[in-house]
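The chain contents come next:
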Amino acid sequence: MNNRKDEEAKVTIRVTLWDRALGTSTFTDQALTLAPGEKRPLGCSLPAPQPQYGWNVQDCQPHSEQVFAPEQLTPTEKKFADAQDAFIDHVGQLWNANLESNYRQLVPGTVRVELRTSPEGELVETSVLSNTSNELAAQLITDAIRPAIRFLATGKSSKITAEVTAFAAEGSDLEPRHKRPVFNVSVSQGGLHYPYERGASFSVHDLSELNGLGPK
């Protein structure tokens, strides 16, 4: 969104795609010109099977916080957004801490898990939707999520979906040190969309980066 009233803004968006099978990534940059006051929704079409993806703002001209500003949330919306941010932050810390001592046992593949919580932030149901990795991958997901669901005690039920993909190395070298797990997690409260939902992706390309991460 360009909040300037008298000047256009030029924004460069970078979309990165990860190949689940090889663990490789590619990116494309898209330059957008926004007229004064223009607000433009963004999206992209992904080929099947759906790859992992992420995006970020590479450049914005002229440089100003007013050029690319988020919508203002109501106090109620902010309460839910803050709860989801705290939930995801805690999940990421636990995931990184647990991964350091367990990644060598992960089998290449993907596991998808769904969890549901009560409006009081209590776990109601856990379901493993699919698993081509091993039981440890599913366990790492639940171990990272369970302690964090207390942050979701906001008066609305929550649906949490999570996916872990453990990559094998390219070519024939399949030693454990080459596995690069990617963890995606999202939460939706009350069956509603933004700002009642959040998502994040946690990936470590060099597993030595895990040293020193995690909750104190």
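Relevant structure appears above.
This one's a predicted model, so the numbers in the text were calculated from it and none came from an experiment.

A full pass over the atoms with the stated rule returns three aromatic pairs. Here the aromatic residues Trp95, Phe183 and Phe202 are joined through ring pairs into a cluster of three or more.

Once that is clear, we can look at the pairing of strand β4 (residues 109-117). In the case of a regular strand, side chains alternate between the two sheet surfaces. Of all nine residues making up β4, seven are buried, and the element is well covered by its neighbours. Summarising the sheet, β4 and strand β6 (residues 158-166) pair through nine bridges and their orientation is antiparallel. Bridging from a neighbouring strand, Arg112 pairs with Glu163 of β6. The pairing of β4 with strand β5 (residues 123-131) spans seven bridges and is classified as antiparallel. What sits directly across from Val113, in β5, is Val128.

Our focus in this paragraph is the environment of Gly190. You can see Gly190 is positioned in the loop between β7 (182-189) and β8 (197-203). The exposure class assigned to Gly190 is partly exposed, which follows from its relative accessible area of 37%. Put simply, Gly190 and Ser157 are 33 residues apart on the chain and 5.4 Å apart in space, counted from C-alpha to C-alpha. In this structure Gly190 touches Lys156 and Ser157, once residues within four positions along its chain are discounted.

A word on the side chain of Ser133. Of note, Ser133 is situated in the loop between β5 and α2 (135-145). Here Val107 takes part through its backbone oxygen, which lies 2.6 Å from a polar atom of the side chain of Ser133. Within polar-contact distance, the side chain of Ser133 engages the side chain of Asn134 at 3.4 Å. Residues within four places of Ser133 in sequence aside, it is in contact with Val107, Pro108, Gly109 and Thr110.

Strand pairing in a sheet relies on backbone hydrogen bonds. The paired strands run either parallel or antiparallel. Within the open sheet, the five strands sit side by side as β5-β4-β6-β7-β8. Their pairing is antiparallel. Each having just a single partner strand, β5 and β8 make up the two edges of the open sheet. Between one strand and the next, the sheet's axes are offset by a mean angle of 10°, whatever the strand orientation. As defined by bridge partners, β7 adjoins β8 across seven bridges and the pair is classed as antiparallel.

Take the layout of surface pockets next. What the second largest pocket holds in volume is close to 220 Å³. Lining the second largest pocket, in full, are Ser186, Val187, Ser188, Tyr194, Glu197, Arg198 and Gly199. Secondary structure elements with two or more residues in the lining of the second largest pocket: β7 and β8.

Attention shifts here to the side chain of Gln189. Within the fold, Gln189 resides in strand β7. Judged by relative accessible area, which is 0%, Gln189 ranks as buried. A distance of 2.8 Å separates a polar atom in the side chain of Gln189 from a polar atom in the side chain of Thr154. Not counting chain neighbours up to four residues away, the residues in contact with Gln189 comprise Phe80, Gln84, Leu152, Thr154, Lys156, Ser157, Ser158 and Tyr196.

Cut-off values and rules
- Residues numbered from 1 in each chain as written.
- Predicted model: local features only at pLDDT ≥ 70, side-chain atom pairs only at ≥ 80, totals over all residues.
- Heavy atoms only, no water.
- Phe/Tyr/Trp six-rings, centres within 6.5 Å; stacked < 30°, edge-to-face > 60°.
- Buried < 20%, exposed > 50% of the residue type's maximum accessible area, 1.4 Å probe, protein only.
- Helix = DSSP H or I, 4+ residues; strand = E, 2+ residues; numbered from the N terminus.
- Pairing = 2+ DSSP bridges.
- Contact = heavy atoms within 4.5 Å.
- Polar contact = N/O pair within 3.5 Å; in protein donor to acceptor, adjacent residues only side chain to side chain.
- Axes fitted to C-alpha atoms, helices over the stretch in contact; angles between N-to-C directions.
- 1 Å grid on protein atoms, 1.4 Å probe; cavity = no way out; pocket = protein on both sides within 12 Å on 5 of 7 lines; lining within 4 Å.
- Points joined across faces, edges and corners; volume = space filled by probe spheres on them.

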